[in-house]
Amino acid sequence: MTASAPRPAGPAAATQPEEADRLRELLRSPGYFKALVFCALIGIPVSLVAFWFLVALHELEHLMWSGLPEALGWNGPPWWWPLPLLLVAGTTVGLVITRLPGTGGHVPASGLHTGGISPGALPGVILAALLSLPLGATLGPEAPLIALGGGLALLFRDLARVPATPQGTALLGAAGAAAAVAVIFGSPLVAAVILIEVAGVGGPQLFAVMLPALLSSGVGALVFTGIGRWTGFDAPTLSVKVGVPVPQLDIGDVLWAVLMAVAIGVLVHLIMQGGRLTARFVAQHTVARTTLCALAAGVCSAVYALTTGRSPANVASSGQQTLSELAANPHLWGVGALIAVVLCTSVAYALCLGSLRGGPVFPSLFLGAALGVLLAPLPGLGVVPAMAAGMAAATTSALRLPVSSIVLVVLVLGSVAMTPVVILAAVVAFVTTQLLPRGSAGAPAAAPAQAPTAGSPAPGGSGGSGSV
């Protein structure tokens, strides 16, 4: 799909009318319209594949943590249950990383990325996720879904024999990724905002990426809803129902939110640094060291179960189900259980970030919520504001995406009443983590795909045309 690109912007001091003219010219170009239609069509098969991928993850997780223990005579998984599962996960994921193209997807410690996954790497991405998440990795499914959606979009482009260009690859990859993650976050809007912010664009470029992402994620949400009703299967989405009344914010909530955001920002920054150290550790002798790190994460889950008497799945999982339980009944969690789940999840999270395959969003949300409930007894601080501030601060610190984190937390809570404290906590946490040193032990991160520029020609093409 080729589109006549608008005229170059000229000097850096371009005026607003010139920018608006460039955007209008882009929207009127036949190539960009074709790209919108193509992205809408891509949303249908990508959403179908993503739906069954999530169903497979959910069914496998239920089998491993409920079906098998019950079949063996236990009411739930015993304390040692994560050890053999994560031993298998570490070994097999290490083999996927070393033997299959694409190393099973990007390292979760490096954050979220759009694009960068070729169709040939899709088997490794799917297999690594299926071997990590149901077997007890303290990670979420969003990163494999982004990779799956982006890779499938490029695969369909190749099957349709559409010319491949850097701009078109970025646009289609973002649209496919948005369609895949549209419902796992509970709203297609969150998927579009995350993909837009990860792409790091602005001005006319922002709209050029936003429209396909919104369109594709909206189509994806419709497909998810329909296929769920037709099949009877449920692909779980990220949402919580707070089991206590939502109060009005007061000065105490605001002041504590600022202090919490600073403390949580430092904690999550240390966890992410631990994930990068783990990634550096497993870069050599990958199979053996991935197995060792996964087993160590299993030990964290076992220690939590032994010390609290609760299920090891509270730690050895994405935290999605545990977050729902915590939000519904926060008063059922004692101080000891909250401290144990925060400490054990933090260590397991750092180990899995650098060794296994998954996403960083879900565990950060759960950690933030658990810290919020733990700190809620502070004078002048309510449970709901504390949870909202904790989730916003932890997610922003893990992702370094403040706008996406704000939108995500507000929609997950299902109420705009906590929006001010969510924004405040996210901004303070973002500034805190940006000011902290990142250190030299970083996981190699794929460069984010460049968004299509509204006025630049395609490489190798003439100055008057670009590709979408």
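Just above sits the structure.
Now for a quick tour of the structure. A quick note: this is a predicted structure, and the numbers were derived from the prediction, not measured.

Comments concerning the overall build of the protein
Assigned secondary structure in the protein consists of 16 helices and two strands. Counting every position in the protein, which comprises 468 residues, the buried fraction comes to 56%. The contacts of the protein with a sequence gap of at least 6 include a subset with a gap of at least 24, amounting to 81%. When the accessible surface of the protein is summed, it comes to about 18,400 Å², and 68% of that surface belongs to carbon and sulfur atoms.

Here's the deal with the environment of Gly 372
Inspection of the secondary structure puts Gly 372 in helix α13 (residues 361–375). Classification of Gly 372 by relative accessible area gives buried; the value is 0%. Between the C-alpha atom of Gly 372 and that of Met 391, which follows or precedes it by 19 residues, the distance is 7.7 Å. Once you skip the residues sitting within four places of it in the chain, Gly 372 turns out to touch Met 260, Ala 386 and Met 387.

Thoughts on the packing of helix α5 (residues 142–159) against helix α6 (residues 166–181)
Between α5 and α6, the least distance of the axes is 7 Å, while the angle of their chain directions is 130°. Put simply, α5 runs oblique to α6. Every pair of crossing elements has a handedness; the one defined by α5 and α6 is right-handed. Taking contact as the criterion, the partners of Glu 142, Leu 145, Ile 146, Gly 149, Gly 150, Ala 153, Leu 154 and Arg 157 in α5 are, on α6, Thr 169, Leu 172, Gly 173, Gly 176, Ala 177, Ala 180 and Val 181.

Describing helix α10 (residues 286–308)
When the terminal C-alpha atoms of α10 are compared, their 33 Å separation across 23 residues agrees well with the 33 Å that a helix rising 1.5 Å per residue should span. Among all positions of α10, only Thr 286, Thr 290, Thr 291, Cys 293, Ala 294, Ala 297, Gly 298, Cys 300, Ser 301, Ala 302, Tyr 304 and Ala 305 are buried. Looking at the buried positions of α10, the neighbouring elements they touch are α3 (82–99), α9 (251–282) and α12 (335–355). Residue Gly 309 follows α10 closely and has a positive phi angle near 75°.

Brief notes about the packing of aromatic side chains
Enumeration over the complete set of coordinates arrives at four aromatic pairs. An angle of 80° between the planes, with centres 5.6 Å apart, marks the rings of Trp 74 and Trp 80 as edge-to-face. With relative accessibility at 34%, the residue Trp 74 sits in the partly exposed group. Among the residues examined, Trp 80 registers a relative accessible area of 31% and is labelled partly exposed. Centre to centre, the rings of Trp 80 and Trp 81 are 5.7 Å apart; their planes meet at 50°, and the pair counts as tilted. With a relative accessible area of 7%, Trp 81 lands in the buried category. Pairwise contacts between aromatic rings join Trp 74, Trp 80 and Trp 81 into one cluster. Between the NZ or CZ atom of Arg 289 and the centre of the ring of Phe 281, over which it lies, the distance is 4.5 Å. Here the basic side chain of Arg 310 rests over the ring of Trp 333, its NZ or CZ set 4.1 Å away from the ring centre.

What counts, and at which threshold
Residues numbered from 1 in each chain as written. Predicted model: local features only at pLDDT ≥ 70, side-chain atom pairs only at ≥ 80, totals over all residues. Heavy atoms only, no water. Helix = DSSP H or I, 4+ residues; strand = E, 2+ residues; numbered from the N terminus. Buried < 20%, exposed > 50% of the residue type's maximum accessible area, 1.4 Å probe, protein only. Contact = heavy atoms within 4.5 Å. Areas by Shrake-Rupley, 256 points an atom, 1.4 Å probe, with all protein chains shown as cover. Axes fitted to C-alpha atoms, helices over the stretch in contact; angles between N-to-C directions. Parallel < 35°, antiparallel > 145°, perpendicular 65-115°, else oblique. Left-handed = near helix turned anticlockwise from the far one by under 90°. Expected span 1.5 Å × (residues − 1). Phe/Tyr/Trp six-rings, centres within 6.5 Å; stacked < 30°, edge-to-face > 60°. Lys NZ or Arg CZ within 6 Å of the ring centre and 35° of its normal.

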